[in-house]
Amino acid sequence: MEQHMTVRGRVEQLLDEVTPLAPDPALIGVLRAQLANPLTVALVGRVSAGKSTLLNALVGDRVAPTERAECTKVAALYTEGNPQRVEVVGLDGTVTESPGTIRGDLGRRPEDIDHAVVYTPSRLLRERFRVIDTPGLSGFTDTAEIATRRVFSGEGRLPRPDVILFLLDDAAGPKSDEVQFLADAGASAQNTILVISHADLIAADNPMLKAQEIARRVWRRFPAIAGAVVAVSGLMAEAGVCGVTERETAQISRRGLLESWELLTILDGAAPPPPGLDVDLLGRLEELVGTYAMDAGADVARQGARAYCEWLHRVSGIDELRLAIGRRFLAVGDILKARTALAELREAAYRATRRDAFLEAIEEAETAPELHRLREVAALEALARWQPDSDLIGELTLVVASRDVRLLLSLPPNAAPPQIADAAKERATDCRTRRAFAATSAEKEALLVLEQTYQLVRRGRWTT
């Protein structure tokens, strides 16, 4: 059977072709590494939105410092590596290394640092995705804002993110300046998830359930810039994944035996705590898991630390977020990485001496059958942005997510090649007919792309 080149293979071929033309030969090596590496996921949001806490929950270890006040001063890439260490990369390109993870002073002023790289042993970071933790948006031109925007501008030395997790600090959804930031960063339904990261603070009663309802409403308002909106309690997720001790769990259990008025008088100092209750530890636990997790989880805490951590993990929403990342991004990882690489190459082409030859090589690759999957994604993004109620969105979404032509064409698993070819030809003809009656340019382009998809399937040239 004839073997066809994959998406990744065609981009690697392009890298070979443009190596002699590149203004910076090191860029080609960087892009090769990015294609081979897991997806790069960036955590973005307002300063103190809970990005580092969520990162720890995703990674499964407290690798990033977390405090109530702003504590992430520079953008940091968390990737798999052993021994655990930190590399600090200056704006001047110099690199300093220290053991351990990011803690306190990095040896330079934050405004002199481009980014840090944190190497830590992690199967998830090795096999699924790397994570960029950004300082956050502040609404001002300060060090945190500048460092965050540099991650997406292409001006810094970090790899450009393939996926964006944008943390919301407002249940109403992203603010106007955040929507503009996401647009500038290239956010779309194909590469972005909005995260309600303080879901346990949404309401006094059943906050996680209400946060999920709010998430559905937010998604209906912003389908063009996010593929999903997920409600997560970052604190509960971090504590559930990274662990709570038996002593801490026992304190939560004892606290749950008190009436509300009893607890208030104890915390105010108006009454002494009962034997075995550590008020100082309770204060630290409130910062560790949150008030809701202490109140709602008191009964579970009586079963011990393991049961309590499992409850935190289950209720926090972290599994739903991981599922959304896996379902929406990991399956199309090579497509997203290829698109990122092409964007980097196009920027480099305008700095090249032989710009026309460089651009010609890129355009030839972009029109090749092997990179048709990128056109499917682009067509879906255009529809979501300009015509979010189009019936074609569902069909294109299925195409983008599909890896099996039989599933794509609704055929049985044992369908023979002639059946596949006939079904694909019928679909292509239908798309051509519908295109003549399409009401908008976005729908016409989508139907053209779909017709090309089915023609490639018919010829056995549709690649993954």
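Fair warning: this is a prediction, and the values are worked out from it, not measured in the lab. (Residues numbered from 1 in each chain as written. Predicted model: local features only at pLDDT ≥ 70, side-chain atom pairs only at ≥ 80, totals over all residues. Heavy atoms only, no water.)

A. Representation of the pattern of salt bridges in the model. Considering all chains together, one arrives at 31 salt bridges under this definition. Salt-bridge contacts for aspartate 112 lead to arginine 109; the nearest nitrogen and oxygen are separated by 3.0 Å. A relative accessible area of 31% places aspartate 112 in the partly exposed class. Arginine 150 is paired through a salt bridge with aspartate 114; the nearest N and O atoms lie 3.3 Å apart. Here arginine 150 is found in helix H5 (residues 143–153), whereas its partner aspartate 114 is found in strand E5 (residues 113–120), with 36 residues between them in sequence. Aspartate 114 matches arginine 150 in its accessibility class, with the two residues each being buried. Counted as one network, the salt bridges with shared partners bring together Glu80, Arg123, Arg126 and Glu127. (Salt bridge = Lys/Arg side-chain N within 4 Å of Asp/Glu carboxyl O. Buried < 20%, exposed > 50% of the residue type's maximum accessible area, 1.4 Å probe, protein only. Helix = DSSP H or I, 4+ residues; strand = E, 2+ residues; numbered from the N terminus.)

B. Examining the sheet that holds strand E6 (residues 129–133) more closely. The sheet built from nine strands is open, its strands ordered E4-E3-E5-E2-E6-E1-E7-E8-E9 with mixed pairing. With one partner strand each, in any of the chains shown, strand E4 (95–99) and strand E9 (228–231) form the two edges of the open sheet. Sheet twist, expressed as the average angle between the axes of neighbouring strands with direction ignored, equals 20°. Relative to E5, strand E2 (residues 76–80) is paired through five bridges, and the arrangement is parallel. Paired with threonine 79 across the strands is tyrosine 119, a residue of E5. Its contacts with the sheet put helix H6 (residues 176–184) on strand E1 (39–45), strand E7 (163–168) and strand E8 (192–196), and the angle it makes with E7 is roughly 175°. (Pairing = 2+ DSSP bridges. Axes fitted to C-alpha atoms, helices over the stretch in contact; angles between N-to-C directions. Contact = heavy atoms within 4.5 Å.)

C. Summary view of helix H22 (residues 441–458). When the terminal C-alpha atoms of H22 are compared, their 26 Å separation across 18 residues agrees well with the 26 Å that a helix rising 1.5 Å per residue should span. Along H22, the residues that are buried comprise Ala442, Glu443, Ala446, Leu447, Val449, Leu450, Glu451, Thr453, Tyr454, Gln455, Leu456 and Val457. Those residues of H22 hidden inside the fold are in contact with helix H18 (372–386), helix H19 (392–401), helix H20 (405–408) and helix H21 (417–435). Where H22 ends, the next residue or the one after it, glycine 460, has phi of about 75°, a positive value. (Expected span 1.5 Å × (residues − 1).)

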